[in-house]
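So the chains spell out like this:
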Amino acid sequence: MNRKKLQKLTDTLTKNCKHFNKFEVNCLINLFYNLVGEVTERQGITIGLDRNAFRNILHMTFGMTDDMIMDRVFRGFDKDNDGCVNVSEWIYGLSIFLRGTLEEKMKYCFEVFDLNGDGFISKEEMFHMLKNSLLKQPSEEDPDEGIKDLVEITLKKMDHDHDGKLSFTDYEQAVREETLLLEAFGPCLPDPKSHMEFEAQVFKDPNEFNDI
């Protein structure tokens, strides 16, 4: 990408992105093109990270292991549903993923957990996600029973209007009372350690002397 184009892209993305400054946006654009590799820009072809490349980043960089959740995070970033994360989706997605306000993170996590996109987290969805994220315990009992109990306990704590499913309002109220419930159904945000490492690595000031 030529310099002028890069400058323009950086300016546009910085203007629309409230959590990164110009230097940081520039670093993230460079990282994006490094990850995508040398792709020649051709008309009509979207340059982006496909599902596998993106999940690889979530796994290698942010230590995520849950396939179902990683798939949902990919969909959360891929706003136009074209099957790949383009450069602006990358910047806007990371802005919430790394530095979002509680509001933004709640909206993002709720979308990740609402597997079928109907605006509610149903008992079935909770069951699938909890079953997926809990370690399989070799025990005599039927593990599904334990998960069903967990779903009931979770509903009791979070389902404020008692309709047997979680609306965003239920979820928001529960998270505001107890922030740990933000990722109640699986880790879909980076843990503090990988978050810090990622930022330290990506937002290096080129003017600083490299350790020799």
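Since the model is a prediction, treat every value here as computed from it, not as a measurement.

**Student:** Before we move on, could you go through helix H2 (residues 22–36) and cite the residues and values that matter?
**Tutor:** Between its first and last C-alpha atoms H2 spans 21 Å; for 15 residues at 1.5 Å apiece the expected length is 21 Å, and the two agree. Glu24, Val25, Cys27, Leu28, Ile29, Phe32 and Val36 are the residues of H2 that are buried. Tucked into the core, H2 has its buried residues touching helix H1 (3–16), strand E1 (49–50), strand E2 (84–85), helix H5 (87–99) and helix H10 (192–202). Capping the start of H2, asparagine 21 holds a side-chain oxygen 3.1 Å from the backbone nitrogen of phenylalanine 23, two or three residues further along.

**Student:** A description of helix H7 (residues 123–133) should follow, citing residues and the corresponding values.
**Tutor:** Taken together, the buried positions of H7 are occupied by Glu125, Met126, Phe127, Met129 and Leu130. The inward-facing, buried residues of H7 abut helix H4 (67–77), helix H6 (102–113), strand E3 (120–121), helix H8 (143–158) and strand E4 (166–167).

**Student:** Lay out the side chain of serine 95 in plain terms, naming residues and giving numbers.
**Tutor:** As for its placement among the helices and strands, serine 95 is situated in helix H5. Taking the relative accessible area as the measure of exposure, serine 95 reaches 6% and is therefore buried. Beyond its immediate chain neighbours, meaning those up to four positions away, serine 95 contacts Cys17, His19, Phe20 and Gly100.

**Student:** Could you give an account of the UniProt feature "domain: EF-hand" (unreviewed entry) in the protein chain, with specific residues and numbers?
**Tutor:** UniProt feature "domain: EF-hand" (unreviewed entry): in the numbering of this structure it lies at residues 65–100, 101–136 and 146–181. As annotated, residues 65–100 has a helix share of 67% and a strand share of 6%, and its two end C-alpha atoms lie 22 Å apart. Structurally, residues 146–181 is divided into 64% helix and 6% strand, and its ends, taken at the C-alpha atoms, are 19 Å apart.

**Student:** Explain the environment of aspartate 170 to me, using residue names and the numbers behind them.
**Tutor:** Residue position: aspartate 170 is located in helix H9 (residues 168–177). Residues contacting aspartate 170, with those up to four places away along its chain left out, are Met158, Asp159, His160, Asp161, Asp163 and Lys165.

**Student:** How would you summarise the packing of aromatic side chains if you had to cite specific residues and measurements?
**Tutor:** Aromatic ring pairs are reported here in terms of the distance separating the ring centres and the angle at which the planes meet. Scanning the entire structure with this criterion turns up 13 aromatic pairs. With centroids separated by 5.9 Å and ring planes inclined at 65°, the aromatic side chains of phenylalanine 20 and phenylalanine 203 adopt a geometry described as edge-to-face. Highlighted residues: phenylalanine 20 in the loop between H1 and H2 and phenylalanine 203 in the segment after H10, separated in sequence by 183 residues. You can call phenylalanine 20 buried: its relative accessible area is 4%. Chaining the aromatic ring pairs together yields one cluster made of Phe54, Phe62, Phe74, Phe77, Phe97, Tyr108 and Phe198. The ring of phenylalanine 120 has lysine 165 sitting right over it, with the charged end atom 4.0 Å from the ring centre.

**Student:** Help me get a handle on the environment of threonine 169, residues and values and all.
**Tutor:** Mapped onto the elements, threonine 169 comes out in helix H9. With relative accessibility at 52%, the residue threonine 169 sits in the exposed group. Residues threonine 169 and phenylalanine 120, spaced 49 residues apart in sequence, show a C-alpha to C-alpha distance of 9.8 Å.

**Student:** An account of the state of the cysteines is needed here, citing residue identities and associated values.
**Tutor:** By definition, a disulfide links the sulfur atoms of two cysteine residues through a covalent bond. Throughout the structure, instances matching the rule amount to zero disulfides. No disulfide involves cysteine 109; its sulfur sits 3.5 Å from that of cysteine 188, the nearest cysteine.

Conventions we followed
Within every chain, residues take consecutive numbers counted from 1 along the sequence as written. Residues qualify for local features only when their pLDDT is at least 70, as the model is predicted, and side-chain atom pairs are given and counted only at 80 or more; totals for whole chains, interfaces and linings, by contrast, use all residues. Note: side-chain values were computed over all heavy atoms of the structure, leaving out hydrogens and water. A helix here means a DSSP run of H or I that spans at least four residues, while a strand means a run of E at least two residues long, and both kinds are numbered starting from the N terminus. An expected span of 1.5 Å times one less than the residue number is assigned to each helix. For every residue, the accessible area obtained with a 1.4 Å probe (protein chains only) is divided by the maximum for its type, and the residue is called buried under 20%, exposed over 50%, and partly exposed between those limits. Residues are treated as being in contact if the distance between any of their heavy atoms lies within 4.5 Å. The term polar contact refers here to a pair of N or O atoms within 3.5 Å; inside protein, the definition further demands a hydrogen-donor-capable atom paired with an acceptor-capable atom, and it admits residues adjacent in sequence only when both atoms are side-chain atoms. UniProt positions are given in the numbering used here, feature names are shortened, and annotations may be inferred rather than shown by experiment. Paired rings are identified among Phe, Tyr and Trp, the last through its six-membered ring, by centres lying within 6.5 Å, and are further divided according to the angle between planes into stacked (under 30 degrees), edge-to-face (over 60) and tilted (the rest). To sit over a ring, a charge needs its Lys NZ or Arg CZ within 6 Å of the ring centre and within 35 degrees of the ring normal. When the sulfur atoms of two cysteines come within 2.5 Å, that pair is taken as a disulfide.

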